[in-house]
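# Examination of the molecular architecture
So the chains spell out like this:
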Amino acid sequence: MRAYYYDNLLGDQRLPHDYVPSRPVSDETLHSINVKYWQIPVEGHEPKINDIAKERNYKNRDTINVSKAAMGEIYEDKIKTFFEEHMHEDEEIRYILDGSGFFDVRETPTDAWVRLAVEPGDLLVVPAGIYHRFTLDQKNYIKALRLFQDEPKWVPHNRGEATDANPYRLAYLKTIG
Ligand code: KMT
Ligand code: NI
């Protein structure tokens, strides 16, 4: 997984949006916003994912295939929703099985977008309360395992006054000091 600052230029969200030259984001920075990631080879990943799920108390999961072919009519809508800045009230894991895409997470306190270019084998822990969004890249396809600690809380909470005061958001800000 490559992590770099988003260039904020208008244009297709599926483009890399990497500054020239690129402005890489360090592991320390990711650590400071409580974004964790590691790599688990896709081949033979099942027992390892199961161990992580058990260890971190994850009880639910699903597999999501984001592509026009798999989603049909709801595809365009989903693409839009995923790219709206939002937070979740639970910690969620994304494990990339196939394809690729970009998770953008907000750095605190700068509010800069950090782009995480994910590929098969990348496992990303998205903390509860962090503002983020997702887009496919120009390959237009990703297949990912999503793990949830409890019942999946599908509802993305779009950023606004309500989310700025959301208890999970405030708890997140506390954890990152
Ligand atoms: C999210 O949290 O925005 C998503 O789950 C996006 C789709 S996962 C490839
Ligand atoms: Ni989300």
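For every chain, the first residue of the written sequence is number 1, and numbering continues from 1 onward in sequence order. Labels are handed out in written order, letters beginning with A for the chains and numbers beginning with 1 for the ligands. The predicted origin of the model limits local features to residues at a pLDDT of at least 70 and limits the giving and counting of side-chain atom pairs to 80 or more, whereas totals for whole chains, interfaces and linings rest on all residues. Side-chain measures here rest on the full set of heavy atoms in the structure, leaving out hydrogens and waters.

## Description of the site of ligand 1
Neighbouring residues are identified by heavy atoms, a residue being near a molecule or strand if any of them is within 4 Å of it. Lining the immediate surroundings of ligand 1 are Phe82, His86, His88, Arg94, Phe103, His132, Phe134, Ile142 and Arg146. At 3.2 Å from an oxygen atom of ligand 1 is found a side-chain nitrogen or oxygen belonging to His86. Within the side chain of Arg94, one N or O atom sits 2.7 Å away from an oxygen atom of ligand 1. The method behind every accessible area is Shrake-Rupley, applied with a 1.4 Å probe, and residues are considered shielded solely by the protein chains displayed. Burial of ligand 1 by the surrounding chains reaches 97%, relative to a free accessible area of 290 Å². Helix and strand assignments come from DSSP, with helices taken as H or I runs of at least 4 residues and strands as E runs of at least 2, each series counted from the N terminus. Those elements giving two or more residues to the shell around ligand 1 turn out to be β9 (132–136) and β10 (142–148). Across the shell around ligand 1, the residue classes tally to four nonpolar, three polar and two charged. N or O atoms closer than or at 3.5 Å make up a polar contact, with two conditions inside protein: a donor-capable atom paired with an acceptor-capable one, and, for residues adjacent in sequence, both atoms drawn from side chains. We call Asp, Glu, Lys and Arg charged. Ala, Val, Leu, Ile, Met, Phe, Trp, Tyr, Cys and Pro are nonpolar, and the rest, Gly among them, are polar.

## Comments concerning the sheet that holds strand β8 (residues 122–126)
DSSP bridges decide pairing: two strands pair if at least two such bridges lie between them. Taken in spatial order, the five strands line up as β2-β8-β5-β10-β3 in an open sheet, and their pairing is antiparallel. The sheet is open, and its two edges are formed by β2 (36–39) and β3 (60–66), each paired on a single side. The sheet shows a mean angle of 20° between the axes of neighbouring strands, taken without regard to direction. When β3 meets β10, the two strands line up antiparallel, connected through seven bridges. The partner of Asn65 across the bridge, within β10, is Lys143. Here an angle of 0 to 180 degrees is reported between the N-to-C directions of two axes, which are lines fitted to C-alpha atoms, with helices fitted over the stretch in contact.

## A closer look at the coordination of the nickel ion (ligand 2)
Ligation of the nickel ion (ligand 2) by protein atoms is provided by His86 (NE2), His88 (NE2) and His132 (NE2), these donors lying 2.0 to 2.1 Å from the ion. Sequence spacing of the donor residues for the nickel ion (ligand 2), all on one chain, is H-x1-H-x43-H. Placement of His86 in strand β4 (residues 86–87) and of His132 in strand β9 is noted, with a sequence separation of 46 residues between them. Each of the two residues, His86 as well as His132, counts as buried. Each metal's donors comprise the N, O and S atoms found within 2.8 Å of it (within 3.2 Å for Na, K or Ca). Water is not part of the atom list, so some coordination spheres may appear incomplete. A simple rule labels every residue: compare its accessible area, found with a 1.4 Å probe on the protein chains alone, to the largest value its type can have, and call it buried under 20%, exposed over 50%, or partly exposed in between.

## Concerning the pairing of strand β7 (residues 113–118)
The element β7 is largely enclosed, with a buried count of six among its six residues. Because side chains alternate across β7, one face comprises the buried residues Trp113, Arg115 and Ala117, and the other comprises Val114, Leu116 and Val118, equally buried. Where strand β1 (residues 2–5) lies against β7, four bridges are found, and the strand directions are antiparallel. Pairing of Ala3 across the sheet is with Leu116, part of β7. Pairing of strand β6 (residues 101–106) with β7, which is carried by six bridges, proceeds in the antiparallel orientation.

## Quick word on unusual backbone geometry
Backbone torsion omega between Val20 and Pro21 reads -5°, so that peptide bond is classified as cis. When you line up the elements, Pro21 lands in the loop between β1 and α1 (27–32). In the Ramachandran plot, Asp111 falls in the positive-phi region, its phi being about 70° despite a non-glycine side chain. By relative accessible area, Asp111 is classed as partly exposed at 30%.

## Thoughts on the packing of aromatic side chains
Pairs were defined over the aromatic rings of Phe, Tyr and Trp, the Trp ring being its six-membered one, requiring ring centres within 6.5 Å. Orientation was assigned from the angle between planes: stacked under 30 degrees, edge-to-face over 60, tilted for the rest. This model, assessed by the stated rule, comprises two aromatic pairs. Summarising the aromatic geometry, the rings of Phe82 and Phe134 are spaced 6.0 Å apart at their centres and angled 80° between planes, so their arrangement reads as edge-to-face. Note that Phe82 is positioned in helix α4 (residues 75–82) and Phe134 in strand β9, a separation of 52 residues in sequence. Each member of the pair, Phe82 together with Phe134, is buried. Relative to Phe134, the ring of Phe103 lies with its centre 4.7 Å away and its plane at 50°, an arrangement referred to as tilted. Taken together, the residues span a long stretch of sequence, with Phe103 in strand β6 and Phe134 in strand β9 at a distance of 31 residues. Each member of the pair, Phe103 together with Phe134, is buried. Connected via pairs of aromatic rings, a cluster forms that spans Phe82, Phe103 and Phe134. In this scheme, Lys NZ or Arg CZ marks a charge over a ring once it lies within 6 Å of the ring centre and within 35 degrees of the ring normal. Sitting over the face of the ring of Trp113, Arg106 holds its NZ or CZ atom 3.9 Å from the ring centroid. One Lys or Arg, Arg133, reaches over the ring of Trp113 and ends 4.1 Å from the middle of that ring.

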